Every structure is written in structure tokens, then in C-alpha cells.
Amino acid sequence: MSKESPPPVVLTCAQPSGQLHLGNYFGAIRHWARLVESHTCFFGIVDLHAITVPYIPAELRKATYRSLALYIACGLDPKKCHLFCQSHVIGHTELAWILGALCPIGQLERMTQFKDKSQRAESSFIGSGLLNYPLLMAADILLYNADLVPVGEDQKQHVELCRDLAQKFNQTYSETFKVPDLHIPRTGARIKSLQDPEKKMSKSDPTQSGCLYLLDPPETLRKKVRSAVTDSGSEIRATEEKPGISNLLTLLSACSGRAVSDLESEFDGAGYGTFKDTVADAVIEAVKPIQERYAEIHEDKGYLDEVFKEGAGKAQQRAYRMLSKVYRKAGFVSRT
Ligand code: AMP
């Protein structure tokens, strides 16, 4: 990078679930926390996406603050990046509307996540928000003209749609959007469910004891690790036949920074019980600074509002530039 060129822009968004697990941390957030050192990063808490399924307003508000406090506690330093709330920035829904006008309904109906979520809906009500969700996500991405958009595997199809819509807009009006590259970071560890190590650790895990949350009290973490499913035999080795033990080794390696091969040697001949205790200790130790920082800030609404304010200001500047360009290209009369 030459001295004059500004740092590349990274955008990543997540819904305000208010909960993060060790998979999120080791698979994504720890990596983002490093990106802020060399990139201009925008991290969006996308609350408008959260209303596409039934929800409780007061819970959404709490979860949005909790998510922000958790990101900060995980090392996303607001002095080095812009943490913003989607609904604070004008442009997301406006751009989604414009992209919607270019998108055939069939393309939205074919999205796997729409099909899954509408089939799993608890009532017969399926809001059109669920269908239009990928339009809003495409708008989130395109509004920031980012160089890098880290997304999870499960969002692959939505990013493909976003690329299609960017190309379509460029062809219909004229060159406007950078067509974003799919960037699925391979840097983080893939953590599996402790109860079903064939599946990834996830907050939607039917057995909650398979999921280690960053805010779980130490005793809960220990209990969950102790009850993790293991494999037949007694060797502590990372092999395909031993998905449970392999997962615990990955977890220990992520928490301790030590190579899996070193850990295999260290625990050669040790029993599963001793091994699990070490994993539990390492997990508790790894989340301790996160829990401490969270405890300091999560009730400090003044501080969290300030962070949101700064983030919204910076995000709005960037979003407004793009929205004005889009309006102009699409033939809207500019407001004087
Ligand atoms: P989610 O809340 O499931 O959408 O996850 C947010 C991000 O966390 C994803 O984009 C992944 O990069 C990462 N992630 C989620 N679950 C795991 C996991 N079990 N192991 C590693 N990374 C994960």
C-alpha cells in the first residue's frame, strides 16, 4: 500500500442477537478485531433485519445494546472502528427499495434461507420482510462501497444476489457500484457443537448445552465442556473418527494459542476427564477478559449511545455519498 492510498474499507454486519458464542468469537470477531489495525472498518448491528420474524420491541432494544457492548468487550475498539446501528443510518431501506425494483420476485423466492425460514415459521404468517431480506442485505453492502465484505458461508447465496443486483444496476443506469467480492475468511477456527460435533456450534443448536456462550458463567461453561460428547477409545487425537475430541482440541488450541499437534503430545496417555478439565479451564480463562469488560460497560447507556452516535455519523457520511449517486443515476431530481 502506498503512503497516499487510504486503508481499504471493510464492512460487516450482524443481527442484534444479544448473544455470541465461542464459534462467533474464534471464527469471526477475533479476526475482525485484528482487521481494525490496518483497515477502515464499519461494523453494523442490523436491527432492521431483526423484525422479519415475530419479536418483542423491548427485547430488540436490549439486545441491540447488549450486542454493541459484547462487540466492544470482544476487542472491537470504537476508537479504531465505526460501530453503528443500521436504523440510525438513512440509506439502507432507501437503497433496498431501488434494488427491489430491479429484482424479479422469483429470484427472492429461490433463496434457500427464505424457503427454510418460511417453512419453519411458527404461525401461518410469513411477512414479506422475510422475502425481501436479501434486498436489504444487498443494500447494506452496496451502500458502503466496501473493498472487503467478510460474510459467513450461510450468506453465500445472498452475496451472490447482491453481486447480481450491483451488475444489473450498473448495466441499467451506468457504472455505479463496485461489485463486491465474496470473502469468506478462512482464518478462524471452526468450532462444532459440543453435543453434535458434526454440526457447527450455533445459537440455534437444539441442545443448548452444545453451545458455549461468551457470557455463560464459568460453572456453566465447565459443565457444558464436561458433558461434551466424546468418541470411543481413550486417545486424545484429532482424527476424522474422533469428531468430539477433535473439536475439543480445536477449542483448546484456539483458547491457548498452542498447536493441535503439541496438545496431542501433551495429552498422550491422559484420560478424557483430565483433558476436558483443561479445556474447561482454558475456555473460562479465554472469556474472562471479555466478561470483565462487558460487566464494566453494558449498563453504561451514556457510553454506548456515544459509540453509536460516532458510528452513525461516520457511516452516514459514507452512505449518503452513495445514496446521492444512486438517486442521481436513477433519474431522481436532486433536493436543492
Ligand atoms: P451467525 O451469528 O451464525 O450468523 O455467525 C456470525 C459469524 O460467526 C459467521 O459469519 C461465521 O463467520 C462465524 N461463526 C458462526 N458460528 C461459527 C462456528 N461454529 N465456528 C466458527 N465460526 C462461526
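Residues numbered from 1 in each chain as written. Predicted model: local features only at pLDDT ≥ 70, side-chain atom pairs only at ≥ 80, totals over all residues. Heavy atoms only, no water.

1. Details of the overall build of the chain
In step 1: Helix and strand content of the chain: twelve helices and five strands.
In step 2: Taken over the C-alpha trace, the chain has a radius of gyration of 22 Å; the compact-globule value for 336 residues is 20 Å, and the two agree within 12%.
In step 3: Once the C-alpha set of the chain is aligned to its principal axes, its extents read approximately 75 × 45 × 45 Å.
In step 4: Residues classed as buried in the chain amount to 47% of the 336 residues present.
In step 5: Here the analysis covers contacts within the chain between residues at least 6 apart in sequence; of these, 76% occur between residues at least 24 apart. (Helix = DSSP H or I, 4+ residues; strand = E, 2+ residues; numbered from the N terminus. Rg over C-alpha atoms; globule rule 2.2 N^0.38 Å. Buried < 20%, exposed > 50% of the residue type's maximum accessible area, 1.4 Å probe, protein only. Contact = heavy atoms within 4.5 Å.)

2. Quick notes on the site of the ligand
In step 1: Near the ligand you find His21, Gly23, Asn24, Gly27, Ala28, Gly152, Ala189, Arg190, Ile191, Lys200, Met201 and Lys203, and these make up its full shell.
In step 2: Here glycine 23 contributes a backbone N or O atom positioned 3.0 Å from a nitrogen atom of the ligand.
In step 3: The protein chains hide 80% of the 480 Å² of surface that the ligand would expose on its own.
In step 4: Each residue belonging to the shell around the ligand can be placed in one class, and the counts come to four nonpolar, five polar and three charged. (Near = heavy atom within 4 Å. Polar contact = N/O pair within 3.5 Å; in protein donor to acceptor, adjacent residues only side chain to side chain. Areas by Shrake-Rupley, 256 points an atom, 1.4 Å probe, with all protein chains shown as cover. Nonpolar A, V, L, I, M, F, W, Y, C, P; charged D, E, K, R; others polar.)

3. As for the pairing of strand β2 (residues 40-45)
In step 1: Counting buried residues along β2, five of its six residues qualify, which places the element largely inside the surrounding structure.
In step 2: Bridge count for strand β1 (residues 9-14) against β2 is six bridges, and the pairing is parallel. Opposite threonine 12, over in β2, you have phenylalanine 43 as the bridge partner.
In step 3: A crossover links β1 with its parallel partner β2, the connecting element being helix α1 (residues 22-35), and its sense is right-handed. (Pairing = 2+ DSSP bridges. Right-handed = clockwise from strand over helix to strand, strands pointing away.)

4. A closer look at the packing of aromatic side chains
In step 1: Taken as a whole and assessed by the stated rule, the structure comprises ten aromatic pairs.
In step 2: Between tyrosine 25 and phenylalanine 26 the ring centres are 5.1 Å apart and the planes differ by 65°, which places this aromatic pair in the edge-to-face class.
In step 3: The interplanar angle of 35° and the centroid separation of 5.6 Å between the aromatic rings of phenylalanine 42 and tyrosine 144 together place this pair among those described as tilted. Of this pair, phenylalanine 42 sits in strand β2 while tyrosine 144 is found in the loop between α6 (128-142) and β4 (149-150), placing the two residues 102 residues apart along the sequence.
In step 4: Three or more aromatic residues joined by ring pairs form one cluster here, namely Trp32, Phe43 and Tyr71.
In step 5: One cation-aromatic arrangement involves lysine 301 over tyrosine 65; the distance from NZ or CZ to the ring centre is 4.9 Å. (Phe/Tyr/Trp six-rings, centres within 6.5 Å; stacked < 30°, edge-to-face > 60°. Lys NZ or Arg CZ within 6 Å of the ring centre and 35° of its normal.)

5. Observations concerning the sheet that holds strand β3 (residues 82-85)
In step 1: Across the sheet, three strands lie side by side as β1-β2-β3; this open sheet has parallel pairing. Looking at which strands have only one partner, the edges of the open sheet turn out to be β1 and β3. Taken over all neighbouring pairs, the strand axes of this sheet differ in orientation by 20° on average, direction set aside.
In step 2: Helix α12 (residues 301-329) rests against β1, β2 and β3 of the sheet, and its axis sits at about 90° to β3. (Axes fitted to C-alpha atoms, helices over the stretch in contact; angles between N-to-C directions.)

6. Topic: the pattern of salt bridges
In step 1: Counted according to the given criterion, the structure contains twelve salt bridges.
In step 2: One salt bridge connects aspartate 281 with arginine 222, and the closest N-O pair in it is separated by 2.9 Å. With aspartate 281 in helix α11 (residues 272-297) and arginine 222 in helix α8 (residues 218-226), this residue pair connects regions lying 59 residues apart in the sequence.
In step 3: The class for arginine 222 is buried, based on a relative accessible area of 17%. (Salt bridge = Lys/Arg side-chain N within 4 Å of Asp/Glu carboxyl O.)

7. Focus on the packing of α1 against helix α9 (residues 243-256)
In step 1: Look at α1 against α9: their axes get within 11 Å of each other, and the N-to-C directions meet at 50°. In this view, α1 runs oblique relative to α9, as classed from their interaxial angle. Seen from above, α1 lies across α9 with left-handed handedness. Judged by residue contacts, Leu22, Phe26 and Arg30 of α1 engage Leu251, Ala254 and Cys255 from α9.
In step 2: Looking at the contact of α1 with α9 residue by residue, the class counts come to five nonpolar, no polar and one charged. (Parallel < 35°, antiparallel > 145°, perpendicular 65-115°, else oblique. Left-handed = near helix turned anticlockwise from the far one by under 90°.)

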